[in-house]
Amino acid sequence: MEKLKIKNVTKKNLKDFINLCIPPDKRNNELFIKGIKTKMKWVNKVIKIYKNIAKLAYLNSRPVGMIQYLPDPEERIIRIRCIFVPEKQDLRKGIGKSLFNSLLEDMKKPKSYFGNKPPLALVVHAFNVPGRYPQSEFFEKMGFKRVKEDEPLLLYYPIKKGFFYTPPHKEYKPCEEDKGKALIFFDPSCPFSIYFSEKIKEAIKKIVPHISIRMINEFEESEEVEKRGKVPVCIVNKKPIISFFLDEENFQKEVREAL
């Protein structure tokens, strides 16, 4: 009989946590190695501040799933960054539900970084992986509510009774210093961030070979994010690029229109 156990991520199981997200055939890829190091550095910093930022599920001592989150003291909420069970053989075994329930029970308790109060809510901007059960549907089954009925991916779970989550209003603010340049913002909490950033860089260089491109770590250079307000992944010549680089036709069109 399979035995499922949920553990907090610590320095002892940090490698299990990070490697869980990386496909085995990518672990020797230079960009993923850099992404792993970037995430390792990020985790070591935030664990010192918040102690717990993720949980791992073990099935018969084998790591099979994780839920990653980060406290937002300013809004007094917990932001769920990712929930993931990589192997299809481990799906439909209640792993995601067990991970979420463990997090929920923890977050009903007072937290020092919230002034010795529990968070008001858990908030997630779900993303759906092709061929997998939609995250948005999973979270709604767990009791999450939509912030807006027409936005199925932005969801919240109220911990304080009667609480309704309203996200702060932020708009992108162009900076004159970005004129004639490209900026790529990456989230160091994801080991795919370096890979995607380099691919975006390559896609831009195909269109504008000599443009100056700057990579910005959203955690370590938070002031660069704040002064630009709500930032997209990519900015070219002061204009936000909305399309993802994999949508090659629209990405190229937006970059050319920005120049």
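Just above, that's the structure.
**Let's talk about helix α3 (residues 95-107)**
The end-to-end C-alpha distance of α3, which contains 13 residues, comes to 19 Å, matching closely the 18 Å that a straight helix rising 1.5 Å per residue would cover. All of the buried residues in α3 are I95, G96, L99, F100, S102, L103, L104, D106 and M107.

**Side note on the packing of helix α5 (residues 193-207) against helix α7 (residues 248-258)**
Between α5 and α7, whose axes approach to 10 Å, the crossing angle comes to 60 degrees. Our classification of the angle between α5 and α7 gives oblique. The handedness of the crossing between α5 and α7 comes out as right-handed. Within the contact between the two elements, α5 uses I200, A203, I204 and I207 and α7 uses F251, Q252, V255 and R256. For the contact of α5 with α7, the per-class residue count stands at six nonpolar, one polar and one charged.

**Thoughts on the nonpolar core**
Among the nonpolar cores identified, the biggest contains 47 residues, and F17, I53, I80, F100, L122, F139 and F144 are the most heavily contacted of them. Looking at which element gives the most residues to this core, the answer is helix α2 (residues 30-50), with seven residues. Discounting residues that sit within four places of it in the chain, F139 has contacts with I80, I83, V124, A126, F144 and L155. Ranked by size, the runner-up nonpolar core spans 16 residues in total, among them A182, A203, V208 and F245.

**With respect to the packing of aromatic side chains**
As enumerated under the stated definition, the model contains 17 aromatic pairs in all. Linked through ring pairs, F32, F192, Y195, F196, F244 and F245 together constitute an aromatic cluster. The ring centre of Y58 lies 4.9 Å from the NZ or CZ of K7, which sits over that ring.

**What about the environment of Y50?**
By secondary structure assignment, the location of Y50 is in helix α2. A sequence separation of 96 residues divides Y50 from R146, and the C-alpha atoms of the two residues are 27 Å apart. Other than its neighbours up to four places away in sequence, Y50 contacts L70, P71, P73 and Y113.

So, how was this worked out
- Numbering of residues starts from 1 in every chain and runs along the sequence as written.
- Residues qualify for local features only when their pLDDT is at least 70, as the model is predicted, and side-chain atom pairs are given and counted only at 80 or more; totals for whole chains, interfaces and linings, by contrast, use all residues.
- For the side-chain quantities, the full set of heavy atoms in the structure was used; hydrogens and water were omitted.
- For helices the rule is a DSSP run of H or I covering at least 4 residues; for strands it is a run of E covering at least 2, with both sets numbered from the N terminus onward.
- Take the residue count of a helix, subtract one, and multiply by 1.5 Å to get its expected span.
- Three labels apply to residues, based on accessible area from a 1.4 Å probe with only protein chains included: buried if under 20% of the type maximum, exposed if over 50%, partly exposed otherwise in between.
- Each axis is a line fitted through C-alpha atoms, and for a helix only the stretch in contact is used; angles between axes span 0 to 180 degrees, taken between their N-to-C directions.
- Reported orientations rely on four angle classes, namely roughly parallel under 35 degrees, roughly antiparallel over 145, roughly perpendicular from 65 to 115, and oblique for the rest.
- Left-handed describes a crossing whose near helix is turned anticlockwise from the far helix by less than a right angle; the clockwise case is right-handed.
- By the convention used here, residues are in contact when the closest approach between their heavy atoms is within 4.5 Å.
- The nonpolar class holds Ala, Val, Leu, Ile, Met, Phe, Trp, Tyr, Cys and Pro. Asp, Glu, Lys and Arg form the charged class, and all remaining residues, Gly among them, are polar.
- The criterion is simple. A nonpolar core is a set of buried Ala, Val, Leu, Ile, Met, Phe, Trp, Tyr and Cys residues joined through side-chain atoms within 4.5 Å.
- Note on ring pairs: Phe, Tyr and Trp rings are taken, using the six-membered ring of Trp, and paired if centres are within 6.5 Å. Classes follow the plane angle, with under 30 degrees stacked, over 60 edge-to-face and the rest tilted.
- We count a charge as sitting over a ring when the NZ of a lysine or the CZ of an arginine lies within 6 Å of the ring centre and within 35 degrees of the ring normal.

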